[in-house]
Amino acid sequence: MSTSHRVALVGCGLAARDLHIPVLRALPGVEIVALCDRDLEAANTLAASLPGSPHLGTDLSSLLMESTPDVVLILPPTASHEPLTLVALHAGAPVLVEKPFAETTAAAERMRDAAKRADRLLSVVHNALFTEGAMELRARVATGQIGDLQSVEYLTSSRNQTFVPHEWYFTTRGGRLGETLPHALCLIDEWIPDLVVRSVQTARLGKAILPEWGKKEMIRVDDLRVEFATPDGTQLGSLWYSLNSWLPTTVIVSGQKGHFAAQPFGGVHELSTEPPPIREAVGALLERIRLGLARRLPFMKRGNAVEDSSHYAQLAHFFSAIRGETTLRADADSAVRVTRHWETIV
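Being a predicted model, the structure only gives us computed values, none of them experimental. (Residues numbered from 1 in each chain as written. Predicted model: local features only at pLDDT ≥ 70, side-chain atom pairs only at ≥ 80, totals over all residues. Heavy atoms only, no water.)

### Considerations on the overall build of the protein chain
Under the convention used in this document: Runs of E in the DSSP output that reach at least two residues are strands. Runs of H or I that reach at least four are helices, and both are numbered from the N terminus. With C-alpha atoms as the basis for the radius of gyration, the globule rule is written as 2.2 Å multiplied by the number of residues raised to the power 0.38. Each residue's exposure class comes from its accessible area (1.4 Å probe, protein chains only) as a fraction of the maximum for that residue type: buried when under 20%, exposed when over 50%, partly exposed otherwise.
When helices and strands are counted, the protein chain shows 11 helices and 13 strands. Here the C-alpha atoms of the protein chain give a radius of gyration of 20 Å, agreeing with the 20 Å that 2.2 N^0.38 yields for 346 residues. In terms of its C-alpha atoms, the protein chain occupies a principal-axis envelope of roughly 65 × 45 × 40 Å. Relative to its 346 residues, the protein chain shows a buried fraction of 50%.

### Notes on the packing of helix H1 (residues 14-26) against helix H10 (residues 310-322)
Heads up, the rule is: Angles shown run from 0 to 180 degrees and are taken between the N-to-C directions of axes, each axis being a line fitted to C-alpha atoms and, for helices, limited to the stretch in contact. Angular relationships are summarised with four words: roughly parallel below 35 degrees, roughly antiparallel beyond 145, roughly perpendicular across 65 to 115, and oblique for the angles in between. Crossings are sorted by hand: turned counterclockwise from the far helix by less than a right angle, the near helix makes the crossing left-handed, and turned clockwise it makes it right-handed. When checking whether two residues touch, look at their non-hydrogen atoms; a contact exists if any pair is within 4.5 Å. Under the scheme applied, nonpolar residues are Ala, Val, Leu, Ile, Met, Phe, Trp, Tyr, Cys and Pro; charged residues are Asp, Glu, Lys and Arg; polar residues are all the others, including Gly.
Interaxial distance between H1 and H10 falls to 10 Å at its minimum, and their mutual angle equals 60 degrees. By the angle between their axes, H1 is oblique relative to H10. When you trace H1 past H10, the crossing you get is right-handed. Note on element contacts: H10 touches H1 through His311, Tyr312, Leu315 and Phe319, opposite Leu19, His20, Val23, Leu24 and Ala26. Grouping the amino acids of the contact of H1 with H10 by side-chain chemistry returns seven nonpolar, two polar and no charged.

### Details of a positive patch on the surface
Rules: Only residues above 30% relative accessible area that lack a salt bridge enter a patch, with like-charged residues linked at up to 9 Å and the nonpolar side chains Val, Leu, Ile, Met, Phe, Trp and Tyr linked at up to 5 Å. In these tables, accessible area is a Shrake-Rupley quantity obtained with a 1.4 Å probe, and a residue counts as shielded only by the protein chains included in the view. Whenever Lys or Arg places a side-chain nitrogen within 4 Å of a carboxyl oxygen from Asp or Glu, that contact is recorded as a salt bridge. A positive count includes Lys and Arg, and a negative count includes Asp and Glu. His and the chain ends are not counted in either. Every charge is mapped onto a representative atom, which is NZ of Lys, CZ of Arg, CG of Asp or CD of Glu.
Together, Arg159, Arg204, Lys207 and Lys216 make up a region of like positive charge exposed at the surface. Inspection of the secondary structure puts lysine 207 in the loop between strand S8 (196-203) and strand S9 (223-229). According to the relative accessible area criterion, lysine 207 is partly exposed, its value standing at 45%.

### Details of the sheet that holds strand S4 (residues 71-74)
Across a sheet, strands are paired by hydrogen bonds formed along the backbone, either parallel or antiparallel in direction. Definition in use: Criterion used throughout: strands pair if DSSP finds at least two bridges between them.
Strand order in the open sheet formed by six strands is S3-S2-S1-S4-S5-S6, with parallel pairing between adjacent strands. Each edge of the sheet is formed by a strand with only one pairing partner; in this case those strands are strand S3 (55-57) and strand S6 (122-124). For this sheet, the mean inter-axis angle between neighbouring strands, taken without regard to orientation, is 20 degrees. On top of the sheet, helix H3 (residues 60-67) reaches strand S1 (5-10), strand S2 (30-36), S3 and S4; it is set at about 145 degrees to S2, its chief contact.

### Brief notes about the nonpolar core
As a reminder, the rule being used: Residues belong to one nonpolar core when they are buried, are Ala, Val, Leu, Ile, Met, Phe, Trp, Tyr or Cys, and are joined through side-chain atoms within 4.5 Å.
Grouped together as the largest cluster of nonpolar side chains are 71 residues, with contacts concentrated most on Val72, Phe101, Leu137, Leu181, Phe228, Leu239 and Val253. Here this core takes eight residues from helix H8 (residues 175-191), the largest share from any one element. Those residues within four positions of phenylalanine 228 in sequence are excluded, and the remaining contacts are Leu185, Ile188, Leu195, Val196, Val197, Arg198, Leu236, Gly237, Ser238, Leu239, His341 and Ile345. Val7, Leu24, Leu73 and Val125 belong to the second-largest nonpolar core, a separate cluster that totals 27 residues.

### What about the packing of aromatic side chains?
We count it as follows: Two aromatic rings from Phe, Tyr or Trp, using only the six-membered ring of Trp, form a pair when their centres are within 6.5 Å; if the ring planes differ by under 30 degrees the pair is stacked, by over 60 it is edge-to-face, and anything between is tilted.
Enumeration according to the criterion identifies four aromatic pairs in this entry. Measuring from centroid to centroid gives 5.0 Å for tryptophan 168 and tyrosine 169, while their planes differ by 85 degrees, and the two rings are edge-to-face. Look at tyrosine 169 and you get buried, because its relative accessible area is 17%. Consider the rings of phenylalanine 318 and phenylalanine 319, whose centres lie 6.2 Å apart with planes at 45 degrees: the pair is tilted.

### Considering the side chain of glutamate 98
The following threshold applies: We define a polar contact as two N or O atoms separated by no more than 3.5 Å, with the added condition that, inside protein, one atom must be a possible hydrogen donor and the other a possible acceptor, whereas residues neighbouring each other in sequence contribute only through side-chain atom pairs.
Among the structural elements, glutamate 98 can be located in the loop between strand S5 (95-97) and helix H5 (105-118). A polar side-chain atom of glutamate 98 sits 3.0 Å from a polar atom in the side chain of histidine 20. In contact with glutamate 98, other than residues within four places in its own chain, are Ala15, Leu19, His20, Ile74, Leu75, His81, Val124 and Val125.

### Let's talk about the sheet that holds strand S13 (residues 268-271)
The strand order across the open sheet formed by seven strands is S8-S9-S10-S7-S11-S12-S13, and the pairing between neighbours is mixed. The sheet terminates laterally at S8 and S13, the two strands that pair on one side only. Strand-to-strand twist in this sheet, taken as the mean axis angle between neighbours without regard to direction, amounts to 15 degrees. Pairing analysis gives seven bridges linking S9 to strand S10 (residues 236-242), with the strands arranged antiparallel.

### A word on the pairing of S9
S9 sits mainly inside the fold: five of its seven residues count as buried. Both S8 and S9 contribute to a ladder of seven bridges, which runs antiparallel. The residue bridging valine 196 from the neighbouring strand is alanine 229, located in S9. Hairpin connection between S9 and S10: a loop of six residues separates the two successive antiparallel strands, and glycine 233 in this loop has a positive phi of roughly 75 degrees.

### Quick look at H1
Applied cut-off: For a helix, the expected span equals 1.5 Å multiplied by the number of residues minus one. To obtain the bend at a residue, axes are fitted to the seven residues ending there and to the seven starting there, and the angle between these axes is taken.
Here H1 contains 13 residues, and its C-alpha end-to-end distance of 18 Å stays within 8% of the 18 Å for a straight helix at 1.5 Å per residue. A maximum bend of about 45 degrees is found in H1 at histidine 20, where proline proline 22 lies one to four positions downstream. Within H1 the residues assigned to the buried category are Ala15, Ala16, His20, Ile21, Val23 and Leu24. Contact partners of the buried residues in H1: S1, S2, helix H2 (40-47), S4 and H10.

Fair warning: the whole summary comes from geometry, so function is off the table for now.
See the structure below:
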């Protein structure tokens, strides 16, 4: 199969190794032609796991000139996203940026504006939008069954943080909640993009279960509650994000005719005052249990773990948008809105 996309990866750490490279290698017609990292040894180590001989370097501008990619993925910590994105856009490549997109709304706006001037696509890794549950919810709301939207709620809690691979995820801006918060914010923005933050409440309850190397003092905030509203007060949003109990991630979208509840890694059901049939309720419960286990136990997964992932779905969508086959989701305008919420909260 001929190559349709030549990709440069910037940042050769865990995100590149464990998330993006497995997906890129699984996508048809994609070739990784360049690896850039300020630590050249990290780039060399990653290159050894790849077929071919990608270009390696520490200076992105020079590397892009040598390797001539047509897509660039920006994966280092958030503080470096803006300058690296501007270099890639100036070189004429569409860009996909890891979350959090930018440290400030002003930086996010500069990145968006640069993409518009360059006439290139700019997107952010908001793979929560591409989970099965999120896509099913989108389709069911589009039927008009629940009428005009009035509110959106996001709830999640997970004590188990033993899978976190590095202390950076706890010590970056906003801590563990701040690092993962864009997952929640993009799902809220998906439904009501005009929301603004009205109130933020935080607490430190200390119930999280940390990796063996973790220290309790690394977590400054482990319970977050946020209330949103549109400027005219006609639509509302809320968020509860905690590390102190166990509640599967749930998004509740309400309209004047009804309500849907979705679990991004599960399914969607309509909320009703009537109890569901026993068979349906038990089946839904068992499926939620299976999905929770499958995220931790490989033998519980169904199908291909990489090709069935939300990361694969988003990258496939991004390449499709580059080819002009679909309209880009998680675009630069939504990235700015999510960054505005993130900056206000953390």
